[in-house]
Amino acid sequence: MDFNLSEEHLAVQAAARDFAQNELLSEVIERDNAQKFDPALIRKMGEQGFLGMMVSPEYGGSGMDTLSYVIAMEEISKVDASASVMMSVNNSLVCWGLEKYGSEEQKQKYLTRLAAGEIIGAFCLSEPEAGSDATSQHTTAADMGDHYLLNGTKNWITNGNSSSVCLVIAQTNPEKQHRGINALIVEKGLEGFVVGKKEDKMGIRASDTHTLMFTDVKVPKENRIAEDGFGFKFAMSTLNGGRIGIAAQALGIAAGAFELSLKYSKERKTFGRPISEHQAIQFKLSEMAVKIEAARLLVYKAARMKDEGKDYIQAAAMAKLYASDVAMWVTTEAVQVHGGYGYVKEYHVERLMRDAKITQIYEGTSEIQKLVIARELLK
């Protein structure tokens, strides 16, 4: 097994690191405080190819593999997890789903603009009473012949306000249960489509998370993805790949906190010498490094399996489960290494700790990942 990155992968890593350090770092604290992401930065991410990394060049994407994507996600997440979650949703959930299952007309109309970063997308699955239980969709899409009539509410939607296109999972035939669910492409601006309140979150605060409400929204029949009743399979397949992106985000958050802690430990002095010379700090740094490297190997393995066309469901769940726990542990230790300075925003690690928590929750909680892993083991 070759653990070395190719020249192409190293080039992606360098480009993502350069963008993170030169474009995202300078005002990341201000964006977190304001709970707002600069639209100009979204456009720059699109211009750099970060919003359609795995999309074929035929549709305006970069045509890269999943490993390139997670490498870039790690570097972006080291600096700004709000930027990386927008990047993750657009790549893993929206663009990938459209290219894999969308019609040629849908790809030409929506995917090309999404991949280029001209617009960004949102993935609308969670509801007030249907988060992890994706089969219990209360949002309905009544079949009216040439269109669907969409009614319902979606919660916790990343890019909820900034997106132009939403992939909405809704129930059309309740008697068929999960086989009656459809996936619809819904454009902003349609009558009856309302963006609700913005969530005031603990972490990833610059990323906009909103409630979306649909009241008799007319969605053209041609905006249904794949055949009637495919929506549940579409959602589950898309989320399996999405777990790899979130695992990469968690890995990046942990790695960013570790790098800050390593640097700080060499600069901060107590009792006349750098704290890096104290065994207690050395033990913390060592354990951080080991956990991060283990998480990285799990994330890279899942990405490679996806690229090789193998069944990656278990690998993605393992990577997401472990990397998110590592992110929470490492960032907490990073605050401890920084002492009192770790508790103030200037040193970044308190923000990374707040950002880390969400990686244990979205794309399925840790408990959900364990169920996925167990299901695969017991097949």
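From a predicted model like this one, the values you see are computed outputs, not experimental measurements.

Draft legend 1. Spatial organisation of a nonpolar patch on the surface. Nonpolar side chains collect at one region of the surface, where Tyr341, Tyr343 and Val344 lie side by side and expose about 350 Å² of accessible area between them. Turning to its location among the elements, Val344 is positioned in the loop between helix H9 (313–338) and helix H10 (349–359).

Draft legend 2. Structural view of the state of the cysteines. A full pass over the atoms with the stated rule returns 0 disulfides. Here Cys95 is not disulfide-linked; the sulfur of Cys166 is the nearest cysteine sulfur, at 13 Å. A residue is classified by how much of its surface remains accessible, and Cys166, at 0% relative accessible area, is buried.

Draft legend 3. Structural view of the pairing of strand S2 (residues 140–143). Where S2 and strand S3 (residues 147–158) come together, 4 bridges link them in antiparallel fashion. When the sheet's bridge partners are listed, Ala141 is paired in S3 with Leu150. Between S2 and S3, which pair antiparallel and follow one another directly, the connecting turn spans 3 residues, one of which, Gly145, has a positive phi of 100°.

Draft legend 4. Structural view of the nonpolar core. Core analysis: the largest hydrophobic core is formed by 69 residues, its most contacted members being Leu24, Phe37, Val70, Met87 and Val299. Among the secondary structure elements, those contributing two or more residues to this core are helix H1 (7–24), helix H3 (39–47), helix H4 (66–79), helix H5 (81–101), helix H7 (231–267), helix H8 (279–307), H9 and H10. The biggest single contributor to this core is H7, with 12 residues. In this view, Val70 contacts Ile244, Ala248, Val299, Tyr300 and Ala303; residues no more than four positions away in its chain are not counted. Listed in part, the 27 residues of the second largest apolar core include Tyr110, Leu125, Ala134 and Ile185.

Draft legend 5. Inspection of the packing of H7 against H8 at higher detail. As a packed pair, H7 and H8 sit with axes 9 Å apart at the nearest point and diverge in direction by 155°. What the angle tells us is that H7 and H8 run roughly antiparallel. For the crossing formed where H7 meets H8, the hand is left-handed. Listed contacts from H8 to Gly241, Ile244, Ala247, Ala248, Leu251, Ala254, Ala255, Phe258, Ser261, Leu262 and Ser265 of H7 are Ile281, Leu285, Met288, Ala289, Ile292, Ala295, Arg296, Val299, Ala302, Ala303 and Lys306.

Draft legend 6. Representation of unusual backbone geometry within the structure. The backbone phi angle of Trp156 is positive, close to 60°, even though this residue is not glycine. According to the relative accessible area criterion, Trp156 is exposed, its value standing at 54%. Backbone geometry places Phe271, a non-glycine residue, at a positive phi of 55°. Mapped onto the secondary structure, Phe271 falls in the loop between strand S8 (269–270) and strand S9 (273–274). Take Phe271: its relative accessible area is 81%, and that puts it in the exposed class.

Draft legend 7. A look at H8. With 29 residues, H8 should reach 42 Å at 1.5 Å per residue; the first-to-last C-alpha distance of 42 Å fits that figure. Residues Ile281, Leu285, Met288, Ile292, Ala295, Arg296, Val299, Tyr300, Ala302, Ala303, Met305 and Lys306 constitute the buried set of H8. Here the buried face of H8 lies against H4, H5, H7 and H9.

Draft legend 8. The arrangement of the packing of H7 against H9 in detail. Look at H7 against H9: their axes get within 8 Å of each other, and the N-to-C directions meet at 25°. The angle between the axes of H7 and H9 places the two elements in the roughly parallel class. H7 and H9 meet at a crossing whose hand is left-handed. Of the residues contributing to the contact of H7 with H9, the split by class is 21 nonpolar, 5 polar and 2 charged.

Draft legend 9. Spatial organisation of the pattern of salt bridges. Inspection of every chain in the model, using the stated rule, returns 22 salt bridges. Between Glu74 and Arg296 there is a salt bridge, with its nearest N and O atoms 2.6 Å apart. Of this pair, Glu74 sits in helix H4 while Arg296 sits in helix H8, placing them 222 residues apart in sequence. No difference in accessibility class separates Glu74 from Arg296, as the two residues are buried. Asp200 serves as the salt-bridge partner of Arg205, at 3.1 Å between the closest nitrogen and oxygen. Judged by relative accessible area, which is 18%, Arg205 ranks as buried. What you see here is one network of salt bridges that share partners, running through Arg17, Glu75, Lys78 and Glu259.

The rules behind these values
Residues numbered from 1 in each chain as written. Predicted model: local features only at pLDDT ≥ 70, side-chain atom pairs only at ≥ 80, totals over all residues. Heavy atoms only, no water. Patch = residues over 30% accessible without salt bridge, like charges linked within 9 Å, V, L, I, M, F, W, Y side chains within 5 Å. Areas by Shrake-Rupley, 256 points an atom, 1.4 Å probe, with all protein chains shown as cover. Salt bridge = Lys/Arg side-chain N within 4 Å of Asp/Glu carboxyl O. Helix = DSSP H or I, 4+ residues; strand = E, 2+ residues; numbered from the N terminus. Disulfide = S-S within 2.5 Å. Buried < 20%, exposed > 50% of the residue type's maximum accessible area, 1.4 Å probe, protein only. Pairing = 2+ DSSP bridges. Core = buried A, V, L, I, M, F, W, Y, C linked by side-chain atoms within 4.5 Å. Contact = heavy atoms within 4.5 Å. Axes fitted to C-alpha atoms, helices over the stretch in contact; angles between N-to-C directions. Parallel < 35°, antiparallel > 145°, perpendicular 65-115°, else oblique. Left-handed = near helix turned anticlockwise from the far one by under 90°. Expected span 1.5 Å × (residues − 1). Nonpolar A, V, L, I, M, F, W, Y, C, P; charged D, E, K, R; others polar.

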